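For reference, the chains in residue letters:
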Amino acid sequence: MSNPLTAKSWSPYVVGAGIGILSWVVFYTANTALGITTAFENTSALAAKAVAESQLEGYFSANAKKPPKIDWQWMLVVGVLVGAWLSSWLSGDRNRISVPELWQRRFGPSVPLRWAVAFAAGALMMLGARLAGGCTSGNAISGGLQLAVSGWMFALTFFPIAIITALLLYGRKGDQSHV
Amino acid sequence: MFDSVDRLLLGLATGVALGFLFQKGRVTKHEVIVGQLLLRDWTVAKIMLTAIVVGAIGVYAMFGAGWVGLHIKPAVIGGILAGGAIFGVGMALMGYCPGTCVAAAGEGRRDAMVGIAGLLFGALLYVAFYPAWQTVRNALGDWGKLTLPEWTGVSAWVWIAALAAGAIAAFVALERYEAKRRQTA
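Chains are numbered independently. Their residues run from 1 in the order of the written sequence. Working convention: letters from A go to chains and numbers from 1 go to ligands, in the order in which they are written. Confidence filtering applies because this is a predicted model: local features only for residues at pLDDT of at least 70, side-chain atom pairs given and counted only at 80 or more, and all residues used for totals across whole chains, interfaces and linings. Side-chain descriptors were evaluated using all non-hydrogen atoms of the structure, hydrogens and water having been removed beforehand.

**Quick notes on the overall build of chain B**
Secondary structure counts use DSSP, requiring at least four H or I residues in a row for a helix and at least two E residues in a row for a strand, with both numbered from the N terminus. Each helix and strand in chain B was counted, giving nine helices and zero strands. Secondary structure elements in chain B, listed N-terminal to C-terminal, are α-α-α-α-α-α-α-α-α. Once the C-alpha set of chain B is aligned to its principal axes, its extents read approximately 55 × 45 × 40 Å. The rule is simple: take the accessible area with a 1.4 Å probe, protein chains only, and divide by the maximum for that residue type; under 20% is buried, over 50% is exposed, in between is partly exposed. Classification of the 185 residues of chain B by burial places 54% in the buried group. Considering only contacts in chain B between residues 6 or more positions apart, those separated by 24 or more positions represent 60%. Taking the 15 positively charged and 10 negatively charged side chains of chain B as two groups, their mean positions are separated by 7 Å. Any pair of residues with heavy atoms lying within 4.5 Å of one another is described as a contacting pair. The positive count covers Lys and Arg only, the negative count covers Asp and Glu only, and His and the chain ends enter neither. To locate a charge, take NZ of a lysine, CZ of an arginine, CG of an aspartate or CD of a glutamate.

**Quick look at helix α6 (residues 110-128) of chain B**
Each residue after the first adds 1.5 Å to the expected span of a helix. In a regular helix each residue adds 1.5 Å, so 19 residues correspond to 27 Å; α6(B) covers 27 Å between its end C-alpha atoms and thus fits that length. Within the sequence span of α6(B), burial applies to B:D111, B:A112, B:V114, B:G115, B:I116, B:G118, B:L119, B:G122, B:A123, B:Y126 and B:V127. Buried-residue contacts for α6(B) involve α2 (37-52), α3 (57-62) and α6 (111-132) of chain A together with α4 (77-94), α5 (98-106) and α7 (130-137) of chain B.

**Notes on the packing of helix α1 (residues 12-30) of chain A against helix α3 (residues 43-64) of chain B**
Packing of α1(A) against α3(B) leaves a shortest axis separation of 7 Å and a crossing angle of 35°. For α1(A) against α3(B), the interelement crossing comes out right-handed. Each of A:P12, A:Y13, A:V15, A:G16, A:A17, A:I19, A:G20, A:I21, A:S23, A:W24, A:F27 and A:Y28 in α1(A) lies in contact with α3(B), whose residues at this interface are B:T43, B:K46, B:I47, B:T50, B:A51, B:V54, B:G55, B:G58, B:V59 and B:M62. Under this grouping Gly is polar, as are all residues other than the nonpolar Ala, Val, Leu, Ile, Met, Phe, Trp, Tyr, Cys and Pro and the charged Asp, Glu, Lys and Arg. Split by residue class, the contact of α1(A) with α3(B) holds 14 nonpolar, seven polar and one charged. Axes, fitted as lines to C-alpha atoms, cover a helix only where it is in contact. Angles between the N-to-C directions of the axes lie from 0 to 180 degrees. Should the near helix be turned counterclockwise from the far one by less than a right angle, the crossing is left-handed, whereas a clockwise turn marks it as right-handed.

**Some thoughts on empty space enclosed by the protein**
A pocket here means an open set of points on a 1 Å grid, computed over the protein atoms alone, that has protein on both sides within 12 Å along at least five of seven lines. A cavity is instead a set of points where a 1.4 Å probe fits but cannot get out; residues with an atom within 4 Å of a point line either one. Grid points are joined across faces, edges and corners, and a volume is the space filled by probe spheres set on the points. Per the stated rule, a full pass over the model turns up two cavities of 30 Å³ or more. Estimates place the volume of the largest cavity at around 110 Å³. Lining the largest cavity are 13 residues, and of these A:T136, B:F22, B:M48, B:C97 and B:T100 sit closest to its centre. Looking at the lining of the largest cavity, the elements with two or more residues in it are α7 (136-145) of chain A together with α3 of chain B. The residue inventory of the lining of the largest cavity, partitioned by class, reads ten nonpolar, three polar and no charged. The calculated volume of the second largest cavity comes to roughly 30 Å³. Around the second largest cavity, the lining residues are A:I19, A:L34, A:S137, A:I141, A:S142, B:L18 and B:F22. Mapped by element, the contributors of at least two residues to the lining of the second largest cavity are α7 of chain A together with α1 (5-24) of chain B. With three residues, α7(A) is the largest single contributor of residues to the lining of the second largest cavity. For the lining of the second largest cavity, the per-class residue count stands at five nonpolar, two polar and no charged.

Purely geometric stuff here, so don't read any function into it on its own.
Below, the structure written as structure tokens:
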């Protein structure tokens, strides 16, 4: 039996159970739920405050009780970067690529195009997540496992729309027709 | 400005575990996320559903024992519907979700690093026009921090049992379908 730490992948059921159990640990040790995007909001708010606090009065007065800070979740996001690096380093599954293969087969090898879309898509995802109160982690998984109406409503909204968008972008057969 | 050092280290350690799981689960890969959205690769659904069922069992057991509190987000209908729609379009274009985008950057992916810059820019837009976004969020009412058991009057354990049974049935069907497809391929 090979070392699981150096394996390139684990069964999705093992990974899912791991995330579920990690959620138990988070509730018990940190008195919170897993989430990613609040940390981004805090980072941008702190950065903007340093440059133009007067422009952000609406934000800071509304959030006076919970001012943005470098907190547990902020370090969680840093940890996600480190953990994924560690896993890929142990298994040799490093992918220093600028344009993913599936994208390249559909939209060509242009790096500026892929990066421009990635930047815009990142902004869209974050806006959507902040409007809804969380992303795939904070809303769909953490909300889902708590049987929250908000989490299930979010999952049942974003998944169908993401599927329709992907089908429109890549076509029903995806890249296969281009190979 | 900062949480305690203990709490920061705890967050870091938890994040390392989560990033490790994301990378081993292959959800750091553009083709896996887009493959799920094209209904050709079911890795994302398997991971998410398993995490939800396993997580629910432990969290509700600990909640019942009085060891932990719940952390429910309010059901702001306008925000969830508008946000979910925008998020869905963004995720299909990106091919990573916010958490797996950070993990994909850890795997070395340059487009995910650019994606992180986009995530920060989106957060800046949210913070800068905060009052306007609140109007959108609250446009269709706020049902509060509501759970499915509270909403339906059905016990959480009935919900969890139904969810677990549905997930197992779906996984069995999926594995059979995938085995058949591998045979014919």
